[in-house]
Amino acid sequence: MDIRALKNNPWLRRARYGVAGVLIAWALAWLVVPPVLKHQAQKVASERLGRTVTIGSVDFKPWSLELTLSDLVIATADGKADQLRMKRLHVDAELESVLRWGWWTPWWWMLRLCA
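Computed from a predicted model, the values in this text were never measured in an experiment.

Rules and cut-offs
- Residues numbered from 1 in each chain as written.
- Predicted model: local features only at pLDDT ≥ 70, side-chain atom pairs only at ≥ 80, totals over all residues.
- Heavy atoms only, no water.
- Bend = angle between axes of the 7 residues up to and from the residue.
- Helix = DSSP H or I, 4+ residues; strand = E, 2+ residues; numbered from the N terminus.
- Polar contact = N/O pair within 3.5 Å; in protein donor to acceptor, adjacent residues only side chain to side chain.
- Buried < 20%, exposed > 50% of the residue type's maximum accessible area, 1.4 Å probe, protein only.
- Salt bridge = Lys/Arg side-chain N within 4 Å of Asp/Glu carboxyl O.

> Any chance you could explain helix α2 (residues 10-49) here in plain terms?
One turn of the α-helix equals 3.6 residues, which is why residues spaced by three or four share an orientation. V33 marks the point of greatest bend in α2, at about 35 degrees, and the proline P34 comes within the next four residues. Backbone nitrogen of W11 and a side-chain oxygen of the N-cap are separated by 2.9 Å at the start of α2; the cap is N9. Downstream of α2 by one or two residues, G50 has phi in the positive range, about 70 degrees.

Laid out in structure tokens, this is it:
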């Protein structure tokens, strides 16, 4: 087999496109998810709890399905003090959750709360 035959092989071309698609999806998720999640989580949690919720930073690793929220603060009803302050919330999910569409019954390998 020569190089030209390998380049024109439809299965290898599909494999290259598949790998490129996964890498692009990971890169986009790594760049887009943290700011969107931070904004939406603060907004939705504040509306539902009726209290100010702030998140310091969000770190998401799509290749290992790890999510870390840093400096999570929920204020009291009057907003003058903190009712809950968490230094770090780390969730390490399992790929099985995604493959089974089990968002309503997630499989977590680890959930770590650091106060």
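What follows continues from the structure just given.
> Would you mind showing me how to read unusual backbone geometry here?
Look at L65: it is not a glycine, yet its phi comes out positive at around 55 degrees. Note that L65 resides in the loop between β1 (53-61) and β2 (66-75). Of note in this structure, D71 is not a glycine but carries a positive phi near 55 degrees. The topology assignment puts D71 in strand β2. Given the relative accessible area of 42%, D71 is considered partly exposed.

> Please clarify how the pattern of salt bridges should be interpreted in this entry.
Proximity of charged atoms lets side chains of opposite charge pair with each other. Taken as a whole and judged by the stated rule, the model has one salt bridge. The salt bridge partner of D82 is R85, with a shortest N-O separation of 2.4 Å. The class for D82 is partly exposed, based on a relative accessible area of 40%.

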